[in-house]
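Examining the three-dimensional arrangement
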2 protein chains.
Amino acid sequence: MYRYGKLPYNQLKEILSKLSREDKSVILGPAIGEDAALVDLGESILVVHADPITGAEKDIGWLSIHVAANDIATRGIRPRWLLSVILLPERSDDKLLNEIIDQIKRAADEIDATIIGGHTEITPGLDRPIIITTAIGEGRKENVLTTAGARPGDKIILTKGAGIEGTAILASELYDKLVGKVEEDVLERAKLFMREISVVKDAMIAVKVGGVHAMHDPTEGGVLGGLQEMAMASNLGIYVEEEKIPVRRETEIICRTLGVDYLKLISSGTLLISVDPLKARDIVSELRKEGIDASIIGQFREEKERVVLRKDGSKVDLNVPIIDELWTILSIS
Amino acid sequence: MYRYGKLPYNQLKEILSKLSREDKSVILGPAIGEDAALVDLGESILVVHADPITGAEKDIGWLSIHVAANDIATRGIRPRWLLSVILLPERSDDKLLNEIIDQIKRAADEIDATIIGGHTEITPGLDRPIIITTAIGEGRKENVLTTAGARPGDKIILTKGAGIEGTAILASELYDKLVGKVEEDVLERAKLFMREISVVKDAMIAVKVGGVHAMHDPTEGGVLGGLQEMAMASNLGIYVEEEKIPVRRETEIICRTLGVDYLKLISSGTLLISVDPLKARDIVSELRKEGIDASIIGQFREEKERVVLRKDGSKVDLNVPIIDELWTILSIS
């Protein structure tokens, strides 16, 4: 588990309004639900995002690069340049720092991006490392997407599977609790889902095919939270059917065992793509050709209703806030 | 005091070599002694720098903006866009966050820059806030300076005064120790030196006049450390006379009382400018006209000797590592 303590919506809104400032170069500044800032450079657009990893020990360097880079990729732009600030606890040995550096380098190589700067220091009072990565991309104005860009009639594509990140976290954190009830090789495979946390490849394939209007990676609140954020940002209605959403067997088994709703389970690595209906099939087949599972799960529409039809026939109203299941299950387990 | 635990030179060098990567767009990636990364965007150059503030309580938001922005300005480029990641301790009240946000906004306004993004969260295990700010500027290729850009014959200009930041820190941290020996109004004025920590105005005035080849803000190691870094990066000799270096009365009194060498005292807010000798006088008078004290203190030269002539006639060899006096005096006091 590695993301804590987001601020309440209203407090965040107040902060953002305080920080806002007249600046014609800033196309998109701090905004709730938007993934990265957009700066107008005249010839091109700069896409910038900074994100901390404060709660992970394992793979923290690797994770930090991918988490920051994902928010550039969902803009339809390749993340190219990275800066990582590494804060180490006192009495850290060289081994920890070397591991982190190796992870950062590996993750950057995986997405073909370059570390251009950063800072490393021993920070008194920390009991674990903290890493903050800033990711930067640059692209042409007409290619930059926002979470708010979905259009009525767009098909919605989901990649990989619902709740994959949460599945991996549950398999790791609750291993001892799960191990009698779930086959060990299911748990081992589930843990490996963490390796798929980058959506850079998914996003770059989609924009290469074309017709993409908006993308979003569903973190807290899972797939339902992600769909809600896209619908709200675009001010559109939405209709999605659960039975069309790809869910991996490992996710199904682990979530059933723990009584967790995988549609409300943190799901970095999954990409939601809002796309021209004429291009949706092409994107799905191109993603599958590249080894990334993908399905059309629903569509955005003019009518204001925001609904996910569950397999049991019930409807989820996406106008109601979605609480991620991960924190609940971890805190009671 | 707010900068801890820089890594040893050799360890840092090893890290940087691990992270390096063939990328034609990266003009200047991670490098020791260089202040900000440079990315070639074709039409222009992007200047990016990220810095954490991990040890301050007071003014941490304000400080974080200026410290990060300074490293863009020393490139000769105006810092325009900022992202701040704010990590708050558990049980922080809204007051702390509001103060930080107000400080960030105020500092950004002071240098006419815009907050374009960031992240705020409650981070378990912290006993104080930590802020990491990424600063970004953009400029034409021919206007971008590096620490390594000084040329033989360049005059060296120093702004404000040697050790001003350290003076302010000593006046605050050792107030009780100093108060019997130094007049209180001297200490109060010294504390206010912290307000002058931005070098953005200094740097922008200098580049506007023209002829500037390199700039650097001397942080740890003070003025001597800063001169050393410029000389080493440019692979030049240097000759500076102490009696030409502006030192404020408050700095002189406090340093004399504590037995501290103000030339080795951390000095953010001071700008070192390496400039065409024909332009040096113009820059000094323009800075003074704008209320910023400045003097020509020496020059870079072909001969490899690197010397600062002290007032007592002794010579400091700048090929020997400079240890900042601040940590020593604070740890024994």
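Keep in mind the model is a prediction, meaning the values are calculated, not measured.

Remarks on the relation of the copies chain B and chain A
Least-squares fitting of chain B to chain A yields an RMSD of 0.0 Å, with the superposition described by an axial translation of 0.0 Å and a rotation of 180°. As the rotation angle and translation indicate, the two copies are arranged about a two-fold axis. Looking at the interface residues of chain B, 100% of them are also at the interface in chain A, so both copies use one shared face.

Digging into helix α10 (residues 277-289) of chain B
Residue and element names in this part refer to chain B. The end-to-end C-alpha distance of α10, which contains 13 residues, comes to 19 Å, matching closely the 18 Å that a straight helix rising 1.5 Å per residue would cover. In the core, the buried residues of α10 are packed alongside β7 (155-159), α7 (200-209), β8 (212-216), β10 (272-275) and β11 (294-301). Two or three places before L278, at the start of α10, stands the capping residue D276, its side-chain oxygen 2.9 Å from that residue's backbone nitrogen. Looking one or two places after α10, you find G291, whose phi comes out positive at around 85°.

A closer look at the pattern of salt bridges
This structure, assessed with the given rule, holds 45 salt bridges over all chains. Close ionic contact of K18 of chain B with D102 of chain A constitutes a salt bridge, the shortest N to O distance being 3.1 Å. In this pair, K18 of chain B is assigned in helix α1 (residues 9-19) and D102 of chain A in helix α3 (residues 94-110), connecting two distinct chains. Classification of D102 of chain A as partly exposed rests on a relative accessible area of 40%. A salt bridge links E286 of chain B to K289 of chain B, with the nearest nitrogen and oxygen atoms 3.4 Å apart.

Details of the interface of chain B and chain A
Frequently, the measure chosen for interface size is the accessible area removed from exposure when the parts meet. The interface is formed by 61 residues belonging to chain B together with 61 residues belonging to chain A. Both faces combined, the contact of chain B with chain A buries some 5300 Å², and carbon together with sulfur accounts for 63% of it. Our count for the contact surface shared by chain B and chain A stands at seven salt bridges. The salt bridge involving R21 of chain A is made with D109 of chain B; its shortest N-O contact spans 3.3 Å. Linking chain B with chain A are 24 residue pairs in polar contact (both at pLDDT 80 or more), by the criterion used here. Going through the elements one at a time, α1, β1 (26-28), β2 (37-40), β3 (45-53), β4 (79-88), α3 (94-110), β5 (114-122) and β6 (130-139) of chain B are the ones with two or more residues in the side of chain B that touches chain A.

Notes on the packing of helix α4 (residues 164-173) of chain B against helix α6 (residues 184-191) of chain B
Residues and elements named next belong to chain B. α6 packs onto α4 with a crossing angle of 125° between their chain directions and a minimal axis gap of 7 Å. As far as their axial angle goes, α6 and α4 are oblique. Seen along the crossing, α4 lies across α6 with a hand that is left-handed. Mapping the contact onto sequence places T167, A168, A171 and S172 in α4 and L187, A190 and K191 in α6. Its residues assigned to classes, the contact of α4 with α6 comprises four nonpolar, two polar and one charged.

Side note on the nonpolar core
All names here are of chain A. By size, the foremost hydrophobic cluster in this structure holds 104 residues, and its most contacted members are I157, L170, L227, I245, I254 and I273. The greatest single-element share of this core, amounting to nine residues, is contributed by helix α2 (residues 60-73). The residues touching I254, leaving out its near neighbours within four places in the chain, are T167, L170, A171, L178, V182, L187 and A190.

Examining the side chain of D71 of chain B
Looking at the element boundaries, D71 of chain B is found in helix α2 (residues 60-73). Filtering out sequence-adjacent residues up to four positions away, D71 of chain B remains in contact with D35, A36, H49, D51 and D217 of chain B.

Remarks on the environment of G55 of chain A
For G55 of chain A, the position within the fold is in the loop between β3 (45-53) and α2. Separated by 75 residues in sequence, G55 of chain A and I130 of chain A place their C-alpha atoms 7.6 Å apart.

Some details on the environment of G153 of chain A
All names here are of chain A. Topologically, G153 is positioned in the loop between β6 (130-139) and β7 (155-159). With 148 residues separating them along the chain, G153 and R301 place their C-alpha atoms 5.3 Å apart. Ignoring any residue separated from it by four or fewer positions in sequence, one finds G153 in contact with P277, F300 and R301.

Topic: the sheet that holds β10 of chain B
Residue and element names in this part refer to chain B. With mixed pairing, the seven strands of this open sheet are ordered in space as β8-β10-β7-β11-β9-β12-β13. Where the open sheet ends on each side, the last strands, each with one partner, are β8 and β13 (315-317). Sheet twist, expressed as the mean angle between neighbouring strand axes with direction ignored, is 25°. Here four bridges tie β8 to β10, and the two strands are oriented antiparallel to one another. Residue M215 lies in a different strand from β10, and its bridge partner there is I273. The sheet contacts of α10 involve β7, β8, β10 and β11, and relative to β11 the element is tilted by about 155°.

With respect to the side chain of T133 of chain B
Residue and element names in this part refer to chain B. Positionally, T133 belongs in strand β6. When its relative accessible area of 0% is taken as the criterion, T133 is described as buried. Side-chain polar atoms of T133 contact the side chain of S64, separated by 2.6 Å. The residues touching T133, leaving out its near neighbours within four places in the chain, are H49, A50, D51, S64, I65, A68, L82, L83 and S84.

Rules behind the numbers
Residues numbered from 1 in each chain as written. Chains lettered and ligands numbered in written order. Predicted model: local features only at pLDDT ≥ 70, side-chain atom pairs only at ≥ 80, totals over all residues. Heavy atoms only, no water. Least-squares fit on C-alpha atoms with pLDDT ≥ 70 in both. Contact = heavy atoms within 4.5 Å. Helix = DSSP H or I, 4+ residues; strand = E, 2+ residues; numbered from the N terminus. Expected span 1.5 Å × (residues − 1). Polar contact = N/O pair within 3.5 Å; in protein donor to acceptor, adjacent residues only side chain to side chain. Salt bridge = Lys/Arg side-chain N within 4 Å of Asp/Glu carboxyl O. Buried < 20%, exposed > 50% of the residue type's maximum accessible area, 1.4 Å probe, protein only. Buried area = accessible area lost by both parts, 1.4 Å probe. Axes fitted to C-alpha atoms, helices over the stretch in contact; angles between N-to-C directions. Parallel < 35°, antiparallel > 145°, perpendicular 65-115°, else oblique. Left-handed = near helix turned anticlockwise from the far one by under 90°. Nonpolar A, V, L, I, M, F, W, Y, C, P; charged D, E, K, R; others polar. Core = buried A, V, L, I, M, F, W, Y, C linked by side-chain atoms within 4.5 Å. Pairing = 2+ DSSP bridges.

Nothing here speaks to function; it is geometry throughout.
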